[in-house]
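Next come the chains, spelled out residue by residue.
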Amino acid sequence: MKKYYAGLDLGGTFVKGGIVDEQGRIVIKDKIPTGRERPYGAIAADMAQLVKDLASRAGLQEGQVAGVGIGSPGLIDAEHGVIVYSNNIRWENVPLCGAVQERLGLPVCITNDANAAALGEHFCGAGKQFGSMVFITLGTGVGGGVILNGELFEGFRSAGGEIGHMVIERGGWDCTCGRKGCFEAYASATGLIRRTRESMVAHKESAMWKIAGSLENVDGKTAFDGMRAGDAAAKQVVDEYISYLAEGVINLVNIFRPEAIVLGGGVCAEGETLLAPLREKVSPWLFGGADYAPVAIVAASLGNDAGLCGAARLAMCRK
Ligand code: BGC
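Since the model is a prediction, treat every value here as computed from it, not as a measurement. (Residues numbered from 1 in each chain as written. Predicted model: local features only at pLDDT ≥ 70, side-chain atom pairs only at ≥ 80, totals over all residues. Heavy atoms only, no water.)

## Points about the nonpolar core
Here is step 1: The biggest cluster of nonpolar side chains holds 45 residues, and the ones touching the most others in it are Ile136, Leu138, Phe183, Leu245, Ile261 and Leu263.
Here is step 2: Considering every element that reaches this core, the biggest residue donor is helix H8 (residues 232–256), with 12 residues.
Here is step 3: Apart from residues lying up to four places away in sequence, Ile261 is in contact with Val134, Ile136, Val249, Val253, Val295, Ala296, Ile297 and Val298.
Here is step 4: Membership of the second largest hydrophobic core comes to 33 residues, among which are Ala44, Leu54, Leu60 and Ile76. (Core = buried A, V, L, I, M, F, W, Y, C linked by side-chain atoms within 4.5 Å. Buried < 20%, exposed > 50% of the residue type's maximum accessible area, 1.4 Å probe, protein only. Helix = DSSP H or I, 4+ residues; strand = E, 2+ residues; numbered from the N terminus. Contact = heavy atoms within 4.5 Å.)

## Section: the domain arrangement of the protein chain
Here is step 1: Split by domain assignment, the protein chain resolves into domain 1 (4–112 + 305–317) and domain 2 (126–301).
Here is step 2: The centre of domain 1, based on its C-alpha atoms, is set 26 Å off from the matching centre of domain 2.
Here is step 3: With 11 residues of domain 1 at the interface, the matching set in domain 2 holds 12 residues.
Here is step 4: Both sides of the domain 1 and domain 2 interface together cover about 790 Å² of buried area, and 33% of this is carbon and sulfur.
Here is step 5: The largest share of the area that domain 1 buries against domain 2 comes from Leu75, Asn87 and Asn88, three residues that together contribute 37% of it.
Here is step 6: For the pair domain 1 and domain 2, the interface holds one salt bridge.
Here is step 7: For Arg157, the salt bridge goes to Asp77, with nearest N and O atoms at 3.8 Å. (Domains from an automatic or database assignment. Buried area = accessible area lost by both parts, 1.4 Å probe. Salt bridge = Lys/Arg side-chain N within 4 Å of Asp/Glu carboxyl O.)

## Side note on the pairing of strand E2 (residues 14–21)
Here is step 1: The buried fraction of E2 is high, at six of eight residues.
Here is step 2: Remark: three residues form the turn of the hairpin made by strand E1 (residues 4–10) and E2, two consecutive strands paired antiparallel.
Here is step 3: Two successive antiparallel strands, E2 and strand E3 (residues 26–33), enclose a turn made up of four residues, where Gly24 displays a positive phi of approximately 90°. (Pairing = 2+ DSSP bridges.)

## Quick notes on the site of the ligand
Here is step 1: Around the ligand sit 13 residues in total, of which Gly74, Asn87, Asp113, Glu162 and Glu184 are the nearest.
Here is step 2: Take Asn87: an N or O atom from its side chain is 2.8 Å from an oxygen atom of the ligand.
Here is step 3: Contributing elements (two or more residues each) for the shell around the ligand: helix H3 (113–124) and strand E10 (142–148).
Here is step 4: The residue makeup of the shell around the ligand, split by class, is three nonpolar, seven polar and three charged. (Near = heavy atom within 4 Å. Polar contact = N/O pair within 3.5 Å; in protein donor to acceptor, adjacent residues only side chain to side chain. Nonpolar A, V, L, I, M, F, W, Y, C, P; charged D, E, K, R; others polar.)

Laid out in C-alpha cells, this is it:
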C-alpha cells in the first residue's frame, strides 16, 4: 500500500494543507481560514478535519496517511510539539501537536513555518541542487530556514534561525517581537505595505492612489505597479525596500556563506524585478568578494506550497 504524508502550513490568515507522496508530489491540497482569534483547540480541530477531508477526497484508504507534519510561525519546541512563543499568532505554550494528534490518531510533528518551507524547497523545489542554502520568506513576517550541508540548522532546542529578528537599523521601526529595527519590520510584506502607505500620504499626486484605490487596499504589489507606471514615489519605495532586503541578505551570506539564498513569500512574485536589483546591491558587499564562493539568489519555485510540502517531508523523515 503506497504511503502518503499530510503537510499543514499554519499561517496568520490561512491554514494550507496537502497530501504528499514520497516523491514530493502533492496529490491534493486546500486551504481554510485560520480564525486566529479563536482558542487553539478550535484551530487544531479544523486542522485535523482538513487532513481527514483531504485524505477522503484523494480516495485514500485508512492507514495510507502515515504521518502529519505542521509548519507554524514562532519558536517551536519540536520535541514536545509545543509552540513556545509566536509573535504573529500571539500564542504562548500551545501544545498544538498533541491537540491535532488526539483528533487524528496519527503521529504529528512540528517545526517552524520557514524551516518547513526551506525543507520543501530543498526537497523538491528551487533549493534541490544546493547543499547549503538560506531560505527567506517575505510575508506577514520574515522567517528563515537555514540548511547547512543538507541538514536543517535549528539551534539549541530548535529556537534558532529567527533571521527576521536581526536588527538592520538600530532604533528603527517597531517589530512585533518588541525590538526596534528588525529585518522583518522592513523586509516583510507588512513593512512594504506600511512604507507604501506612508509614501502615498506624503505624495497625493502618486499613481499609487489610482492603483490601490485607497490606503486600505494597498498590498505588496502596489509600489511595484506604481514603479512600472513610471511613478517616482513608488520607485523610491521599491528602491528602499530592496536596499533593506539587501542589508539582511548580505548579513546572512557573510555569516553562513550558503550556495544559495532562496526567497519565498508573496513579494517574490515580482521575480527579476526584485531579484536583479537585489543581486546588484548584495554582490559588492560579500565578504572577500563575490567570486571566490559565489552565491545564487533565486526565487522559491514551490510558491505557496513550499510550507505544506516541507511539513509533509518532515513527517516523512521522522517515520
Ligand atoms: C516569526 C517567525 C516566522 C516568520 C514567518 C516571524 O515573525 O518570528 O517565527 O517564521 O514570522 O512566518
